[in-house]
Structures are given as structure tokens and as C-alpha cells.
Amino acid sequence: MRTAMARVFSGVQPTGEGPHIGNYIGAFRHWVDLQKTHEECFYCVVDLHAMTLPWDPKALKEGVRRTAATLIATGIDPERSVLFVQSDVAEHTQLTWVLTCLARMGELERMTQFKEKGRGNERDSVPAGLLAYPLLMAADVLVYRATHVPVGEDQRQHLELMRDLAIRFNSRFGDTFPVPDAVIGRQGARIMSLDDPTQKMSKSSGRPASTLGMLDPPNVVRKKIARAVTDSGREVRYGQDSPAVSNLLDIFSGVTGRSVAELMADLEGQGYAPLKAALAEAVLAVLTPFQARYTELMGDPAQLDELLDRGAKRAQSFAADTFREVRERIGLRVPPR
Ligand code: TYM
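Here the structure is a predicted model, which means the values were calculated and not measured. (Residues numbered from 1 in each chain as written. Predicted model: local features only at pLDDT ≥ 70, side-chain atom pairs only at ≥ 80, totals over all residues. Heavy atoms only, no water.)

Brief notes about the environment of Leu-159
And then number 1: Within the fold, Leu-159 resides in helix α7 (residues 156-173).
And then number 2: For Leu-159, a relative accessible area of 1% gives the class buried.
And then number 3: C-alpha of Leu-159 to C-alpha of Pro-178: the two residues are 19 residues apart in sequence and 13 Å apart in space.
And then number 4: Sequence-distant contacts of Leu-159, defined by excluding residues within four places in its chain, comprise Met-137, Val-149, Val-151 and Ala-182. (Helix = DSSP H or I, 4+ residues; strand = E, 2+ residues; numbered from the N terminus. Buried < 20%, exposed > 50% of the residue type's maximum accessible area, 1.4 Å probe, protein only. Contact = heavy atoms within 4.5 Å.)

Quick look at the structure:
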């Protein structure tokens, strides 16, 4: 195996409304932390994944910038980490094709996300990109020979498939890829909707009251949290029988870094209203400085584009090296550089 060193890769889809607090708690805060312990971190705005459902060209372009600004404003340091846009590095799609030829229809059709996102569409009219989605994801990671992939719980199954594909490639063509490990936080890896604790908080829910957007202004944050559903009891409890309050506690813990036990001790004997009030302030303590930095970054699109150009160059050289080796191993011609 070439890479003995730990290398981190993760990605986020650009969306119009921007990321939500679930993305922050399940993913971004870990990405920021991993920069302190890992020298090589690759963080990618996955614009090609955003094309697996119908998209608007203008919104896609704007979403990429916004998402990049979001990541920098949360603490991704574009000098230290490689921050870049997926479509800027052609090898992602080239390796996807190779993996498409190794993957089996059955394993793609079994993916929960494919089944969920494809639901409601007639099978014949589901975009084929939705089926290929996890292959592009696998290529994203493998083309950098990444070893660690910090994600939320919803990506676990895709990571399993990615590992299977790495193993399959290595056994057919010789050791080329490390088999990447999913890094999934013990707490907050699955933040649920504010209006329905049985559903994951998701950008595509179409219900604004269900998500806490990282760009929501303070009055909206307070209002959404005040209106979040609670459970039938009165006491602040954590566990399966109080899913709504447990979710609020997960968010509380996620934004403060304090344990749920500690937070519950503080709130002992108090009802839901004090919990919600304290939670709103804790969320705003993270979002307010974040939003100020975000606005600053969005005010200088040329600088942002320049940062992304530099990220693309750094990423390209790693991806090109891997793909040349892939070409050799699988019997493709290796063209001159
Ligand atoms: P995306 O854009 O949906 O989400 C970005 C990250 O946020 C996590 N996440 C959550 N965590 C906790 N609670 C939630 N409610 C919640 N919603 C989202 C996601 O797990 C993810 O880590 N396919 C990926 C992007 C991707 C990728 C990759 C990730 C493309 N290529 C390669 C890792 C490696 C996605 O759509 O994430």
C-alpha cells in the first residue's frame, strides 16, 4: 500500500439554502477538528453530486460559492486543508467510470438513499445518476487514497460500498487503494427534523420549519426552536421514549461540545421552555460569529474563487498521480502529461 499516512477526505453538496445545523454537528465540526490531528485533509464541494436530481445552473454556481464560504467560515483553513470543487478535478469522473464497471446493479439498487430519493418517481424516469451516486462518492475518496472519511450516519451504507469496491479493485488489479474507514461521531451523527423527530433533518425536506439553517437569522432560529415539537411528558429526558427532546439535547451537545449528562444536570427540574431558550442561545453563540465571517467572505467573490482555484491545483496533482497508476493497473494506455 502506498499511503501509510492517514489522509482525510469528505464532501458536502452545494445547495441553495446552504447547510443546516445537522451538517455542522454531524460533519463540519469534525472536519475542523481533524485538521488539528491530520496533516492531509481534503474537503470537497461536490457539485456533480448535486446534479443527480434536477438542478438550476445559476443556483448550482451560486451554491458552490456559498458552500465554500460556509466551510471556511466554520473553520476549514484553506491553507492547511485542500478545499476544492469536485468538478475541477476530472479524475473523479474518470475513476467513477472504472468503478461503474466493477460495481453490480444489485448492490447499487440496495442503497437506501437511492430507494428513498427515487421514491415517488416512476422507476423508468429516475435519473441514472442517482443510481451511480455512490460510485462517484467512492471515486472522490479513492482518487486521493484517503484513509478516513468523516460523515454523518446517513452515509454509512455508502461508505460500506466504497470499502467493498476498494477491496474488489485491489484483489483484481493489485493493492492500489487503502480501504477507507468511516469516521462517525458517537453523538449527533443523525440530527432529526425539528418538526418530526422520526425524520432526519434534511435540505431536501421542503419544510423550512424542519431544519435549522446555518444562515437563518437570530429571530428565525429562536422561533424555529421555540416551535420545535416536544414529547408528551414535561421533564427533560433523554432516550427512546422522548425522541424530540433527545434530538434537542443532541443539538445542544453538538453546538456546545458539552455532554448530554452535563446539560441535563443543568436543566434538572426545569421544563421544555427553559431548555429551548438555553438551546437557542447556544446555537446562536455558534451561528452569530459564523454568519459574520460568512458575509465577509461572500463580499469578496474574487478572493473566494482564487482560493478554490488554488485548492483545485493542489487536488489535481494528487488525483492525477493515482489515476495514472490506475490506468497502468487496469490496462489503459498512459498518455503523456
Ligand atoms: P450531504 O451534503 O448531504 O451532507 C454533508 C454531511 O453532513 C452530514 N449530514 C448529517 N449529519 C447529521 N445529521 C443530519 N441530519 C445530517 N444531514 C447530513 C452527512 O452525513 C455528510 O457527512 N454524499 C454526501 C457528500 C459526499 C461525500 C463524498 C461524503 C460526496 N462525496 C465522499 C464523504 C465522502 C452528501 O450528500 O452529503
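Concerning the pattern of salt bridges
And then number 1: Using the criterion set out here, one finds 19 salt bridges in the structure.
And then number 2: Between Asp-216 and Lys-224 there is a salt bridge, with its nearest N and O atoms 2.7 Å apart. Residue Asp-216 shares its accessibility class with Lys-224, and that shared class is buried.
And then number 3: Where salt bridges share partners, they join Glu-79, Glu-306 and Arg-310 into one cluster. (Salt bridge = Lys/Arg side-chain N within 4 Å of Asp/Glu carboxyl O.)

Comments concerning the side chain of His-92
And then number 1: Topologically, His-92 is positioned in helix α3 (residues 91-102).
And then number 2: Those residues in contact with His-92 that lie beyond four places of it in its chain are Phe-9, Cys-44, Phe-84, Gln-86, Leu-136, Ala-139, Asp-140, Val-143 and Tyr-144.

Section: the side chain of Ser-10
And then number 1: Locating Ser-10 in the fold gives a position in strand β1 (residues 7-12).
And then number 2: Residue classification places Ser-10 among the buried residues on the basis of a relative accessible area of 3%.
And then number 3: Within the local environment of Ser-10, its side chain forms a polar contact with the backbone oxygen of Pro-150, the two atoms lying 2.8 Å apart.
And then number 4: In this structure Ser-10 touches Trp-31, Phe-42, Tyr-43, Cys-44, Pro-150 and Val-151, once residues within four positions along its chain are discounted. (Polar contact = N/O pair within 3.5 Å; in protein donor to acceptor, adjacent residues only side chain to side chain.)

Some details on the pairing of strand β3 (residues 82-85)
And then number 1: Of the two faces of β3, the one carrying Val-82 and Phe-84 and the one carrying Leu-83 and Val-85 are both buried.
And then number 2: Pairing analysis gives four bridges linking strand β2 (residues 40-45) to β3, with the strands arranged parallel. Bridged to Tyr-43 within β3 is Leu-83.
And then number 3: Handedness of the crossover joining β2 and β3 through helix α2 (residues 57-74): right-handed. (Pairing = 2+ DSSP bridges. Right-handed = clockwise from strand over helix to strand, strands pointing away.)

Structural notes on the packing of aromatic side chains
And then number 1: The full count for this structure, using the stated rule, is ten aromatic pairs.
And then number 2: Geometrically, the ring pair formed by Phe-9 and Phe-84 is edge-to-face, given 6.4 Å between the ring centres and 70° between the ring planes. Pair noted here: Phe-9 is in strand β1 and Phe-84 is in strand β3, with a separation of 75 residues, a long-range link. (Phe/Tyr/Trp six-rings, centres within 6.5 Å; stacked < 30°, edge-to-face > 60°.)

Some thoughts on the site of the ligand
And then number 1: Surveying the vicinity of the ligand reveals 28 residues, the closest of which are Tyr-133, Asp-140, Gly-152, Asp-154 and Ile-191.
And then number 2: One nitrogen or oxygen atom from the side chain of Tyr-133 is found 2.6 Å from a nitrogen atom belonging to the ligand.
And then number 3: Here an oxygen atom of the ligand and a side-chain polar atom of Asp-154 are 2.4 Å apart.
And then number 4: Notes on the ligand: free accessible area 720 Å², of which the protein chains cover 97%. (Near = heavy atom within 4 Å. Areas by Shrake-Rupley, 256 points an atom, 1.4 Å probe, with all protein chains shown as cover.)

Description of the packing of α3 against helix α12 (residues 301-330)
And then number 1: Contact geometry of α3 with α12 gives a least axis separation of 10 Å together with a crossing angle of 25°. Here α3 is positioned roughly parallel relative to α12, judged by the angle of their axes. Here α3 and α12 pass one another in a crossing that is left-handed. Counted together, Glu-91, Gln-94, Leu-95 and Val-98 of α3 and Ala-319, Ala-320, Phe-323, Val-326, Arg-327 and Ile-330 of α12 form the full contact between these two elements.
And then number 2: Here the residues of the contact of α3 with α12 are counted per class, giving seven nonpolar, one polar and two charged. (Axes fitted to C-alpha atoms, helices over the stretch in contact; angles between N-to-C directions. Parallel < 35°, antiparallel > 145°, perpendicular 65-115°, else oblique. Left-handed = near helix turned anticlockwise from the far one by under 90°. Nonpolar A, V, L, I, M, F, W, Y, C, P; charged D, E, K, R; others polar.)

Re the packing of helix α8 (residues 218-227) against helix α11 (residues 272-298)
And then number 1: As a packed pair, α8 and α11 sit with axes 9 Å apart at the nearest point and diverge in direction by 145°. For the pair α8 and α11, the sense of crossing is right-handed. Residue-level contacts link Pro-218, Val-221, Arg-222, Ile-225, Ala-226 and Arg-227 of α8 to Lys-276, Leu-279, Ala-280, Glu-281, Val-283, Leu-284 and Leu-287 of α11.
And then number 2: Split into classes, the residues belonging to the contact of α8 with α11 amount to nine nonpolar, no polar and four charged.

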